[in-house]
Amino acid sequence: MSEPSRSYSLAKEKIRVLLLEGIHESAAEQFFNAGYSDVECLPAALPQDELADRIRDVHFLGIRSRSRLTDAVLAKAEKLTGIGCFCIGTDQVDLKTARHQGIPVFNAPYANTRSVAELVLAELVMLMRGIPAKNAAAHRGEWLKSAAGAYEVRGKTLGIVGYGHIGSQLGVLAEGLGLRVLYYDIDRKLPLGNAEPVNSLAELLDRADLVSLHVPDTDLTLDLIGQAEISQMRPGSHLINASRGRVVSIPALCEALESGHIAGAAIDVFPAEPASGNDEFVSELRQFDNVLLTPHIGGSTFEAQQNIALDVATKMILYSDNGSTTGAVNFPTVNLPDHATARRIMHIHRNEPGVLQAINQVFSTAGINIASQYLQTLPDVGYVVMDVETDDAGTLLRGLNEIPATIRTRFLY
Ligand code: NAI
């Protein structure tokens, strides 16, 4: 929180955008279309020292999961105004430090939800036909030509646990195949199509032929499907987990696969996953032919990458052009209207008593009327945006920068 105050007001062509790690080209296109011309794209992540060096001159930085924006790197980011994580997770950025430096961080939490729903839809059919085991056997030269244990999905019951962005899309798609859809969610969710909410996880497990998990990773969902829950599932039913690895107890699932209580499973996420493609995938599930194992690729498609690029670039451009922080994961959220006629001043500050009064004092001393004012705060940082009718932004910015709690100011015209 001891960063010096900074302020700037730049024409778009002077705003420098750096996109790392081969971010899909539609992100750069989006910046160009919005009038930004200084956009550089690099195919890979930069080594830490080079990143720390390059970040000095950049106003907007786009990364994926391999770049590490640590305290030390962010300390060099004198001009950095916004960060885009062109992915779902934001663990690679020190979010608190970024906030304390007045830098919002954007991501795309829902841009790949359709990809996950489609994969699960395919897995429903594969599991009901016993394809994972038949496929594994054929690779070994065995010919399991049999209708035993093979069913159509039509008329079967799919139980969806977690009826959010992915779960609800899956429900709609699954109804298209003739499945009956039940769902359980801790929040009250309106059903789409003919989906039927149930009152408890136990009821869902008891009624479903296929159970698919779409919950977040929280304390409540740790081992959500353990031994007790698996024993509540119908004999011969199937389990799909493309949510988070800690949601299913793998030992309990292995036990149920060995006993035949669970007929098959499709698992995309694991409690421990290899850090890179060079590391071995270690899991007790490898021994089961009737388990479809995929390397956490539920959301990994061309279209998802494109959606992520558009989503994050749009949020960054909106912040740059208009000051809105919609979708920022570490910042007070302010949704702003256009400022077609007025000038706009943004002030990011440590959230201390008296700051708003000090800001208003600067305006009243300058004799400038505030047309509109928007304020949002988090416990440590506040963000206030003011629309004013003046061409003398310099005096105002100087006055605002003298307020001790100021982190940074920005002026849009
Ligand atoms: P979402 O936030 O839209 O939906 C999650 C739903 O789960 C919410 O409706 C919430 O109320 C519900 N929920 C939370 N705790 C619950 C509990 N204890 N019992 C029942 N319901 C509960 O999330 P979204 O986008 O649908 O993602 C779902 C999961 O899929 C997340 O864990 C996400 O990380 C994962 N995911 C996996 C991908 C992959 O590559 N396999 C790609 C994208 C997301």
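These figures come from a predicted structure and were not determined experimentally.

A. Examining the overall build of the chain more closely. Within the chain, the regular secondary structure consists of 13 helices and 17 strands. With the C-alpha coordinates of the chain rotated into their principal frame, the extents come out at 85 × 45 × 35 Å. For the chain, buried positions account for 48% of its 413 residues. Sequence-distant contacts, at least 24 apart, represent 65% of the contacts inside the chain between residues at least 6 apart. When the accessible surface of the chain is split by element, carbon and sulfur atoms take 51% of a total near 19,300 Å². The centroid of the 35 positive side-chain charges in the chain is displaced by 2 Å from the centroid of its 49 negative side-chain charges.

B. Structural detail: the pairing of strand β14 (residues 343-350). Burial runs high along β14: seven of the eight residues are buried. Inspection of the sheet shows β14 paired to strand β16 (residues 381-388) by eight bridges, in the antiparallel sense. Paired with M346 across the two strands is V385, which belongs to β16. Both β14 and strand β17 (residues 406-412) contribute to a ladder of six bridges, which runs antiparallel. Looking across to β17, one finds that H347 is bridged to T409.

C. Quick look at the sheet that holds strand β2 (residues 17-19). Reading across the sheet, the five strands line up as β3-β2-β4-β5-β6 and stay open at both edges, with parallel pairing between neighbours. The open sheet has two edge strands with one neighbour each: β3 (39-41) and β6 (105-106). Bridge count for β2 against β3 is three bridges, and the pairing is parallel. Its bridge partner lying in β3, V17 is registered against V39.

D. Looking closely at helix α6 (residues 131-139). Taken as a whole, α6 has its buried residues at P132, A136 and A137. One side of α6 carries all its buried residues, which in axial view fall inside an arc of 130°. Residues of α6 that are buried sit in contact with α5 (113-128) and β13 (291-293). One or two positions beyond α6, positive phi appears at G141, with a value near 95°.

Criteria and cut-off values
- Positions within a chain are numbered from 1, following the residues in the order the chain's sequence is written.
- pLDDT decides what is reported in this predicted model: residues at 70 or higher carry local features, side-chain atom pairs at 80 or more are listed and counted, and totals for whole chains, interfaces and linings draw on all residues regardless.
- With hydrogens and water excluded, all non-hydrogen atoms of the structure serve as input to the side-chain values.
- Every helix listed is a DSSP run of H or I at least four residues long, and every strand listed is a run of E at least two residues long, numbered separately from the N terminus.
- Working definition: with a 1.4 Å probe on protein chains only, accessible area under 20% of the residue-type maximum means buried, over 50% means exposed, and in between means partly exposed.
- In what follows, residue pairs with any heavy atoms lying within 4.5 Å of each other are defined as contacts.
- Using a 1.4 Å probe, accessible areas were evaluated by the Shrake-Rupley method; residue-level cover was limited to the displayed protein chains.
- Working convention for charge: Lys and Arg count positive, Asp and Glu count negative, and His plus the chain ends are omitted.
- Where a charge sits is defined by one atom per residue type, namely NZ (Lys), CZ (Arg), CG (Asp) or CD (Glu).
- Note on pairing: DSSP must find at least two bridges between two strands before they are called paired.
- Of all possible arcs, the one meant is that of the directions from the helix axis to the C-beta atoms.

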